[in-house]
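Secondary and tertiary structure notes
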Amino acid sequence: GAGVSQSPSNKVTEKGKDVELRCDPISGHTALYWYRQSLGQGLEFLIYFQGNSAPDKSGLPSDRFSAERTGGSVSTLTIQRTQQEDSAVYLCASSLFSYEQYFGPGTRLTVT
Amino acid sequence: LAKTTQPISMDSYEGQEVNITCSHNNIATNDYITWYQQFPSQGPRFIIQGYKTKVTNEVASLFIPADRKSSTLSLPRVSLSDTAVYYCLVGAGGYNKLIFGAGTRLAVHP
């Protein structure tokens with residue numbers, strides 16, 4: 001069956017612009033997660049959705065970052081007024097059981 | 001979530017068995033031990049999870065001693081395609097976010 005998909009696969013944007021990253025989870029998975037991974041680093045948790053609500057937003061690095069999920073399915077991560085330190089791979093994962101998360105291929109964001 | 005410590009890197013050769021040990025001295029009673037694998041330019045992939053003793057699946061085995069303060073991921077007869085970063089995570093079965101450490105970078109050589 002289809003896995004987690006993310007779009008775009010690559011995004012280059014100018015500093016100060018807003019970007020939207022999309023995640024399509026595995027059908028039926030109620031939980032959805034966003035992480036980011038800087039070059040050569042481990043993964044950093046950003047936000048967790050259960051259904052359409054986000055009980056844990058503790059990882060969002062600043063108020064420039066926001067995320068929403070609609071219909072218990074697709075999620076969008078929005079970064080406003082992008083900065084160079086936002087450059088990273090943004091990974092989305094979905095799961096039925098929280099310890100077994102299925103990751104998408106990621107969106108590589110480059111802020112110039 | 002309990003803190004984990006694992007080697008930064010390991011080297012092996014094709015056909016050998018590789019054992020990666022993770023220390024988690026402050027593991028809690030209700031914590032499980034989970035391992036993920038990440039290839040370059042891909043998201044992590046769940047490998048195996050266990051609570052105590054030994055767990056085996058088609059990919060790997062996980063050995064957990066009685067005190068549960070460490071665990072060992074065993075990869076039998078590795079191939080070049082097993083070159084990846086391996087992450088050890090510890091948390092309660094109901095935990096939501098995964099806290100990834102630096103992981104162990106395994107390089108398999110011909």
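Residues numbered from 1 in each chain as written. Chains lettered and ligands numbered in written order. Predicted model: local features only at pLDDT ≥ 70, side-chain atom pairs only at ≥ 80, totals over all residues. Heavy atoms only, no water.

**Focus: the pairing of strand β3 (residues 31-38) of chain B**
Residue and element names in this part refer to chain B. For clarity, the threshold we go by: The cut-offs for exposure are 20% and 50% of the maximum accessible area for each residue type, with area from a 1.4 Å probe on protein chains only; residues under the lower value are buried, those over the upper are exposed, and the others partly exposed. Strands are runs of DSSP state E lasting at least two residues, helices are runs of H or I lasting at least four, and both sets are numbered from the N terminus onward. Here, a strand pair is defined by DSSP locating no fewer than two bridges between the strands.
Across the eight residues of β3, seven count as buried, placing the element largely inside the fold. Sheet analysis places β3 next to strand β4 (residues 45-50), joined by five bridges and oriented antiparallel. The residue of β4 that forms the bridge with Tyr36 is Phe46. Counted along the chain from β3 to the antiparallel partner β4, the turn is six residues long, and its residue Ser41 has a positive phi close to 65°.

**Description of the packing of aromatic side chains**
Filter applied, for reference: Centres within 6.5 Å are what make two rings of Phe, Tyr or Trp a pair, Trp counting through its six-membered ring; a difference in plane orientation under 30 degrees is then read as stacked, over 60 as edge-to-face, and the rest as tilted. Charge-over-ring placement is defined geometrically: NZ (Lys) or CZ (Arg) within 6 Å of the ring centre, and within 35 degrees of the ring normal.
Counting across every chain of the model gives 11 aromatic pairs over all chains. Seen in terms of ring centroids, Tyr87 of chain B and Phe100 of chain B are 5.0 Å apart; in terms of plane orientation they differ by 90°. Their pairing is edge-to-face. Taken together, the positions of Tyr87 of chain B in strand β8 (residues 84-92) and Phe100 of chain B in the loop between β8 and β9 (104-109) put the pair 13 residues apart, joining distant regions of the chain. The pair Tyr87 of chain B / Phe100 of chain B is uniform in exposure class, with both members buried. Ring pairing ties together the aromatic residues Tyr33, Tyr35, Phe45, Tyr48 and Phe103 of chain A together with Tyr36, Phe46, Tyr87 and Phe100 of chain B, which thus form one cluster. When the ring centre of Tyr51 of chain B is taken as reference, the NZ or CZ atom of Arg68 of chain B above it lies at 4.0 Å.

**With respect to the confidence of the model for chain A**
For clarity, the cut-off: What pLDDT reports is the predictor's confidence in each residue, on a scale of 0 through 100.
The predicted model of chain A averages 92 in pLDDT, with 97% of residues at 70 or higher. Mean pLDDT across the elements of chain A ranges from a minimum in strand β6 (residues 53-56) of chain A, with 83, to a maximum in strand β3 (residues 19-24) of chain A, with 98.

**Some remarks on the sheet that holds β3 of chain A**
Residue and element names in this part refer to chain A. Where we set the bar: Inter-axis angles, ranging from 0 to 180 degrees, are taken between N-to-C directions of lines fitted to C-alpha atoms, where helices are fitted over the stretch in contact.
Spatially, four strands are ordered β1-β3-β8-β7 in an open sheet, and the strand pairing comes out antiparallel. Looking at the sheet topology across the chains shown, the edges are occupied by β1 (5-7) and β7 (65-69). Neighbour-to-neighbour, the strand axes of the sheet open up by a mean angle of 15°, direction not taken into account. Sheet analysis places β3 next to strand β8 (residues 75-79), joined by five bridges and oriented antiparallel. Opposite Arg22, over in β8, you have Thr76 as the bridge partner.

**Side note on the state of the cysteines**
What counts is decided by this rule: The disulfide definition used here is simple: a pair of cysteine sulfur atoms within 2.5 Å.
Inspection of the entire model under this criterion finds two disulfides over all chains. Disulfide pairing places Cys23 of chain A opposite Cys92 of chain A at an S-S distance of 1.8 Å. Every disulfide takes its handedness from the sign of the S-S torsion; for Cys23 of chain A and Cys92 of chain A that torsion is -60°, giving left-handed. Linking Cys23 of chain A in strand β3 with Cys92 of chain A in strand β9 (residues 88-95), this pair joins segments that are 69 residues apart in sequence. Here Cys23 of chain A and Cys92 of chain A have matching classes, each one buried. In this model Cys22 of chain B forms its disulfide with Cys88 of chain B; the gap between the sulfur atoms is 2.2 Å. Because the torsion about its S-S bond is -80°, the bridge between Cys22 of chain B and Cys88 of chain B counts as left-handed. One end of the pair, Cys22 of chain B, is in strand β2 (residues 18-23); the other, Cys88 of chain B, is in strand β8, with 66 residues separating them in the sequence. Pair check on accessibility: Cys22 of chain B and Cys88 of chain B agree, each one buried.

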